[in-house]
Amino acid sequence: MNVFLRGVSRSQWRCVLFLSTLLLVIVLALPDSRMALSMASPAVSAEGIPLRELVQRGVDRFQEGNFQGAIQLWQSALTSIEGKDRAVVLENLARAYRYTGQTSTAVNYWQQVIDHHRRLGNSLALGRSLTEQAQAYSALGQHRRAMALLCRESGEVGTCAAQSAVSLAETEGDEAGRAAALGAFGEALRLRGEYEAAIAALGNSLTTAREANQLSYQISALTSLGTVYTGKAQILYRQAESATLNGDDARSIEDQAKAEDRQALEYFIQSQALANQQGDAMAEMRSQLSQVSIYYRLGEATQAQAAQEAALGLLAQTPNSHDTVFATITLANLVQFGGRGSSATAGCFAGVANSQTQALLTQAMRQAQSLGDSRGESFALGTLGHWYECQQNYGQALALTQQAEWIAGQQREGEDSRYLWEWQAGRIYRAQDKFVEAIQSYTQAVATLEAIRSDLLISDRELQFDFRDSVEPIYRELIALQLGSPDDPAAKGEPISVATANLGAALTTVDALRLAELQNYFGSDCELIPFAETPVGLVGADSATALFTSVILGDRTAIIVSFPDGSRQAAWIPVDEVTLRAAIRTFRQGLESWFDNFDPGLAQQVYDWLIRPFAQRLADAEIETLVFVNDGILRSVPMAALHDGQRFLVETYALATVPTLSLTAASASSDQPIRALVAGLSESITVDGQSFKPLPHVKGELDTIENTVPKATLLLDQAFTRQRLEQELTDNAYTVLHMATHGKFGVRPEDTFLVTGAGEKLTLADLEQFVSRMAAGNEVIDLLALTACETGIGDDRSALGLGGVAVRAGVKSAIATLWSIDDAKTAQLSAQFYQGLVSGQYTKAEALRTAQIELIQERVHPAYWAPFMLVGNWL
C-alpha cells in the first residue's frame, strides 16, 4: 500500500520532477548572463520597475515559499517581456502553478513555452518543456497524452516518435533531457498499470542518469522503480486474498508479493542514500516514507518505526512547499495509525488519540495557508476533521470538514477531494443520528463522484485496488441509509416496508455503484456510457420480467425486486456477509462436484433467501423471466440451480444477469438469419508457462453447432488464431461468435483472457477491438458465447469481469460459464440452445432455459448445465 493518503489522486503524491527540483530550475533560469533582455523588450515594467529586478523578486519569494507572491510578480513582468526572455518567465509560472497544485493552469503555461521554442527552432529546450508538460498531464490522469508527448502512446517495444521528448533529446545529445523524458515515460506507464514496460523505461532512465552523473535523475528513477515494485506487490497481495477466499493455498503468492516488496525496498534505500549524499531532504524523506508501509507489510515494525522517525527528522529540514504540506499530512496519518492502514476517510481505532498527529496536521494547515496552497489547506483541514471525528468530537470535526469542503469547491481541480469531505460530513451526521442531513451529504458525495468517476478511477491503476476502501463504501453507506434499518420481519427474511421513493433512490445509487465498479475493473481503456433512458422494453408493463437487485451491506443484504407495473418490493437476507459468503462457497463447491450426488439443501437455502420472499407476488404478476443485478459473491451464484424444494428455478423461469440495466442494450434480436463464427481449442497447449489440458469434447460441440446453424464458419485448433479471428470479424457480418476454449475471468482485466489455437492470449479488449470494426459497418454481434471459462468462487472481482463481459466485448449479449465443463453434455446443451434460436420462437433466455431443462429431465447432474449464464440483453 502506498504510504500516502488513500482516496487522493496518487499523482499528487508521487509527482517526480525529473528535470530537477522546481527551485533549482527556476534559480538556474535567472543568472544575469541568462537574463539579458532583448533590444525589443522594454527595460522596465508598466509600473516602472526594472524587469530584471521584478523577475528576481519573484525568484526570492519563491525561495521563501511565497509562491503566490512570486506568481503575482512574474505575471506583472510577463505583460512587458517579449522574445526569448518571455519563455523564461512562462517556465517559472508553469512550475509555480504546478507547485501550488494548479496543474491545469501549469499545462496551459507549458503549452505557451512549447509554442515559443517551436517558433525559434530550439529543439533542446523544446524536448525538456515537453517532458515537464507531460508530467503535468500525468498528474491530471491523462497518461496516454503524456506518453505521446514523451515517446509513444503505448508501452510496447519500439522507437520513440519523431519530435517526442525522448527523440529530441537523443537528436540533441541531451543526456539529462533523455533521462528525464524516459523517467517521466516510465511514470506514465506505471500509472497505467503497464509495470514491465515501466521498469524497462525507468531502467533506461537510471542508466542514462548514471552515465551523465546526474544524481537528481538517479534519485527520481530509483524512487519510481521502487513504486513500480510496490504496485506489483499490491496486485499479488490482492491475488493472494482472492485465492484465500476461494479456499486455495495462497502462501506461494504471498511469498512472491513479499519478494516484490523487498525489491521495492532496495530501490527506495538506494534513492534515500543518494538523496542524503546530495543533501536533498525532500527526496530523502519521500524514500523514507515509502519504506514505512512496506516494512509494516513484511512484519518488520521496528524498521518501520525507525523509517518513520527518520522522516519526521527530515521534515524539519525541508523547505515549505506544496509537497511538504502533503508529506506532513502523510506523516500525521502514520503517527496516528502506524501499520494499521487507516487514511483520512477510513475507520477509527478505539483509544487512539495522538497529540503529535494533531500538531502535525495543524502545522500542515498553517504551511498551506502561508503558501496560498488551497488544495493542501483543504486536505489538512479535512484530515484534522477526521482526527476529531475519531475522538467523537463531532462539533469540531464537522466545522473543519465543512471548511475543507468549501475550499475544495472553490478549486478548479478540487472535485477529487471534495467528495471525501462530503462523505466525511455524512459520517459525522450519521454518528449523531441526523439521518436527513447524513443522506444529503452522502448524496452530494456520490454526485461529485459521478461527475469525475471516469477521470478518478482511470487516473491511477493502483486506485483500482483501493476502490473498495476509498470509493465503494460511500455508495454502500448511502444505500444503507436510504433503505433504513431492518425491522422484525427482515430478521425472518420476509418482505419489508420501505417507501417507494426510498427504494427508487436506493436503486439509483446501486446503479451508480455498478457503473463505478465496472469502470474501476476495466480501467482506462474502457469508457462506459449508460443508455440515456431505462430500457422499458425489457422490463416495462408488457415484458413479464422482474428485475432482482441485490446489495451486500456488511451485516445484512438487501434484495429489491422491480415488477413490470413499476412497483417494487424489498427483503433482507437475515445473515451477515461472512455467513453469506461461506454458504455460497459451499453451494458452488457442491454444484461443481459432478462425481457426488447433488444435495439440494443449500440450493433451497439460497432460494429461500433470494426468491421465496417474493414467490407469491411473482406468481400473481405472471412473471416469466427473472433478471438479476447481483452484488459481490452473489455474482458467482448459478441462479438456474436454486431449488424451491420441488424444482430448480430454471424450470419455472427464464433467467439472465446484467451488470446494470443502464448498460443493457434494449433492442430485441435481429430478424436476420443467424450467421455464426465458431472457434475452439481441443488440444493441450502452453501459454506463458501455464499448461492447459486438452478439451476433447470441443470438436463435437463445434461440429454440432456447425450442423445446427445454417450459416456457420468453423475455426478449430491451428485454424483458430488471433489473426484469422480478426480477419473473419472484419470481413464478415456475424451475428454470433461462439468460442469453446480455455478462458479465465481474473482479478484484473489483464488476467481475463481466452486461449487461441496458436497459444495466444485473447483479451476482452481484443474482442472489443475486433467487434468495433464490425460495428463501424453498422453490424453488431448479437451473442458472444464462451463455453469453457472459469470464475473463482469467492473472487468478487473476477465475477465482476464475467458480469461485464458483454459490455466490454461490445456485444448485446453473452453466454459464459462459471466453471469449465468438457463433456458431451455441453455439445447437447449447445445444440438445443441454437436450435431454439434458429427457430425464432424463443428469446435467448428462453432458448437457454429449454436447453437446460432438457438435461434436467434426463437427470443430469447440475455441474453440467448450471454454470451457463446469460449476460446482457435476454431477448
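Data block above holds the structure.
What comes next is a walk through the structure. (Residues numbered from 1 in each chain as written. Predicted model: local features only at pLDDT ≥ 70, side-chain atom pairs only at ≥ 80, totals over all residues. Heavy atoms only, no water.)

Our focus in this paragraph is the overall build of the chain. A tally of regular secondary structure across the chain gives 35 helices and 18 strands. Within the chain, buried positions represent 61% of all 875 residues. Residue pairs in contact within the chain that sit at least 24 positions apart in sequence constitute 71% of those at least 6 positions apart. (Helix = DSSP H or I, 4+ residues; strand = E, 2+ residues; numbered from the N terminus. Buried < 20%, exposed > 50% of the residue type's maximum accessible area, 1.4 Å probe, protein only. Contact = heavy atoms within 4.5 Å.)

The next point concerns the packing of helix H12 (residues 251–278) against helix H13 (residues 281–297). Between two packed helices, the angle of one axis relative to the other and the distance separating the axes together describe the packing. Close contact between H12 and H13 brings their axes to 8 Å; oriented N to C, the two are set at 155°. Taken together, the axes of H12 and H13 lie roughly antiparallel to each other. The crossing of H12 and H13 is left-handed. On the side of H12, the interface is formed by Asp261, Ala264, Leu265, Phe268, Ile269, Ser271, Gln272, Ala275 and Asn276, while H13 contributes Ala283, Glu284, Ser287, Gln288, Ser290, Gln291, Ile294, Tyr295 and Arg297. Class assignment for the residues of the contact of H12 with H13 results in eight nonpolar, seven polar and three charged. (Axes fitted to C-alpha atoms, helices over the stretch in contact; angles between N-to-C directions. Parallel < 35°, antiparallel > 145°, perpendicular 65-115°, else oblique. Left-handed = near helix turned anticlockwise from the far one by under 90°. Nonpolar A, V, L, I, M, F, W, Y, C, P; charged D, E, K, R; others polar.)

This brings us to the nonpolar core. Within the largest apolar cluster, 136 residues are counted, with the highest numbers of intra-cluster contacts made by Trp74, Leu93, Met285, Ile329, Leu331, Ile474 and Tyr475. Per element, the largest residue contribution to this core is 12 residues, and it comes from helix H11 (residues 215–245). The residues contacting Leu331, other than those within four sequence positions of it, are Met285, Leu289, Gln308, Ala311, Leu312, Leu315 and Leu360. (Core = buried A, V, L, I, M, F, W, Y, C linked by side-chain atoms within 4.5 Å.)

Our next topic: the environment of Ile584. Relative to the helices and strands, Ile584 is located in helix H26 (residues 577–592). You can call Ile584 buried: its relative accessible area is 0%. Separated by 52 residues in the primary sequence, Ile584 and Ser636 have C-alpha atoms spaced 8.2 Å apart. Leave out the neighbours within four places in its chain, and Ile584 touches Val606, Ile633, Leu634, Ser636 and Val637.

It is worth spelling out the pairing of strand S3 (residues 557–562) at this point. Summarising burial for S3: six of the six residues are buried, a large majority. Burial along S3 is two-sided: the face carrying Thr557, Ile559 and Val561 and the face carrying Ala558, Ile560 and Ser562 are both buried. By the bridge criterion, six bridges tie strand S2 (residues 545–552) to S3 in an arrangement that is antiparallel. Within the sheet, the bridge partner assigned to Val551 lies in S3 and is Ala558. Taking the residues between adjacent antiparallel strands as the criterion, S2 and S3 are bridged by four residues, where Gly554 takes a positive phi near 85°. Examined bridge by bridge, S3 and strand S4 (residues 568–573) share six bridges and lie antiparallel to one another. Directly across from Ala558, in S4, lies its bridge partner Trp572. A loop of five residues connects S3 with S4, the two strands running antiparallel in sequence, and Gly566 in this loop sits at a positive phi of about 95°. (Pairing = 2+ DSSP bridges.)

A few words now on the pattern of salt bridges. Applying the stated criterion across every chain, the model contains 36 salt bridges. For Arg262, the salt bridge identified is with Glu300, shortest N-O distance 2.5 Å. Highlighted residues: Arg262 in helix H12 and Glu300 in the loop between H13 and helix H14 (301–315), separated in sequence by 38 residues. Classification of Arg262 by relative accessible area gives partly exposed; the value is 43%. Ionic pairing is found between Glu517 and Arg476, a salt bridge with its closest N-O pair at 3.4 Å. (Salt bridge = Lys/Arg side-chain N within 4 Å of Asp/Glu carboxyl O.)

What is expected of a backbone is that most residues other than glycine have negative phi and most peptide bonds are trans. Of note, Asn213 is a non-glycine position whose phi angle comes to about 55°, a positive value. Checked against the element boundaries, Asn213 lands in the loop between helix H10 (195–211) and H11. Under the relative-accessibility criterion, Asn213 is labelled exposed at 61%. Of note, Asp433 is a non-glycine position whose phi angle comes to about 60°, a positive value. Along the chain, Asp433 falls in the loop between helix H19 (415–431) and helix H20 (435–458).

With that out of the way, let us pick up the packing of aromatic side chains. Across all of its chains, the model carries 13 aromatic pairs by this definition. A centroid spacing of 5.2 Å and a plane angle of 40° characterise the contact between Phe548 and Phe628, whose relative ring orientation is tilted. Note that Phe548 is positioned in strand S2 and Phe628 in strand S5 (residues 625–629), a separation of 80 residues in sequence. For the pair Phe548 and Phe628, a shared accessibility class is recorded, and that class is buried. Between the aromatic rings of Phe833 and Tyr834, the centroid separation amounts to 5.1 Å while the plane-to-plane angle is 75°, which identifies the pairing as edge-to-face. Among the aromatic side chains, those forming a connected cluster through ring pairs are Phe62, Phe67 and Trp74. Looking at Lys761, its charged tip hangs above the ring of Phe753, at a distance of 4.4 Å from the centre. (Phe/Tyr/Trp six-rings, centres within 6.5 Å; stacked < 30°, edge-to-face > 60°. Lys NZ or Arg CZ within 6 Å of the ring centre and 35° of its normal.)

Our focus in this paragraph is the packing of H11 against H12. Orientation of H11 relative to H12, taken along the N-to-C sense of each, is 160°, at an axis distance of 8 Å. Classed by the angle they form, the pair H11 and H12 counts as roughly antiparallel. Crossing of H11 against H12: the hand is left-handed.

Everything listed here is a matter of coordinates, which is why it stays silent on function.
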